[in-house]
Amino acid sequence: MMDLQALREGYARILKTIYSPKHYYRRVKTFLREYKAPAANAPLTVRHILAFFRSVVRLGIVGKERLQYWKLLAWTMVRRPKRFLMAVTFAIYGYHFRKTCERHVASR
């Protein structure tokens with residue numbers, strides 16, 4: 001039987017790794033490369049624009065993942081411009097996943 005503390009530490013290590021900017025952004029890029037989007041397009045709203053500018057500040061200027069964020073956005077604009085909104089959304093999700101893990105898993 002596995003020691004409970006060893007199990008917790010292993011789980012925390014896995015979460016820290018999969019949500020680290022390097023690994024997370026690599027998976028997002030792979031997803032955007034392989035995803036076959038449906039034909040429907042959602043209209044761009046003011047909320048989308050505000051979320052983008054907040055992500056630029058929080059992830060692209062202040063965040064530790066600055067390099068990965070800008071590389072993802074640049075790659076998306078060049079290779080998959082129709083998926084730009086999705087790339088920004090996934091970058092924001094990654095930030096929230098990392099923060100949740102830091103608060104609830106790593107602190108135990």
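Before any of the text, the structure's been laid out above.
Report follows, based on the coordinates. (Residues numbered from 1 in each chain as written. Predicted model: local features only at pLDDT ≥ 70, side-chain atom pairs only at ≥ 80, totals over all residues. Heavy atoms only, no water.)

**Let's talk about the pattern of salt bridges**
Within the structure shown, the criterion is met by two salt bridges. Of the charged contacts, one joins Glu 65 and Arg 98 as a salt bridge, the two residues approaching to 3.0 Å between their closest N and O atoms. Here the residue Glu 65 occupies a position in the loop between α3 (46-62) and α4 (66-79), and Arg 98 occupies one in helix α5 (residues 84-104), the gap between them amounting to 33 residues. Pair check on accessibility: Glu 65 and Arg 98 agree, each one buried. Among the ionic pairs, Glu 102 bridges to Lys 99, the shortest N-O distance being 3.3 Å. (Salt bridge = Lys/Arg side-chain N within 4 Å of Asp/Glu carboxyl O. Helix = DSSP H or I, 4+ residues; strand = E, 2+ residues; numbered from the N terminus. Buried < 20%, exposed > 50% of the residue type's maximum accessible area, 1.4 Å probe, protein only.)

**Description of the nonpolar core**
Among the nonpolar cores identified, the biggest contains 17 residues, and Tyr 25, Leu 32, Leu 59, Tyr 69 and Leu 72 are the most heavily contacted of them. Listed by contribution, the elements that provide at least two residues to this core are α2 (21-34), α3, α4 and α5. Take this core: its biggest share by element is five residues, from α5. Setting aside chain neighbours within four positions, we find Tyr 69 in contact with Tyr 25, Phe 52, Ser 55, Val 56, Leu 59, Gly 60 and Ala 91. (Core = buried A, V, L, I, M, F, W, Y, C linked by side-chain atoms within 4.5 Å. Contact = heavy atoms within 4.5 Å.)

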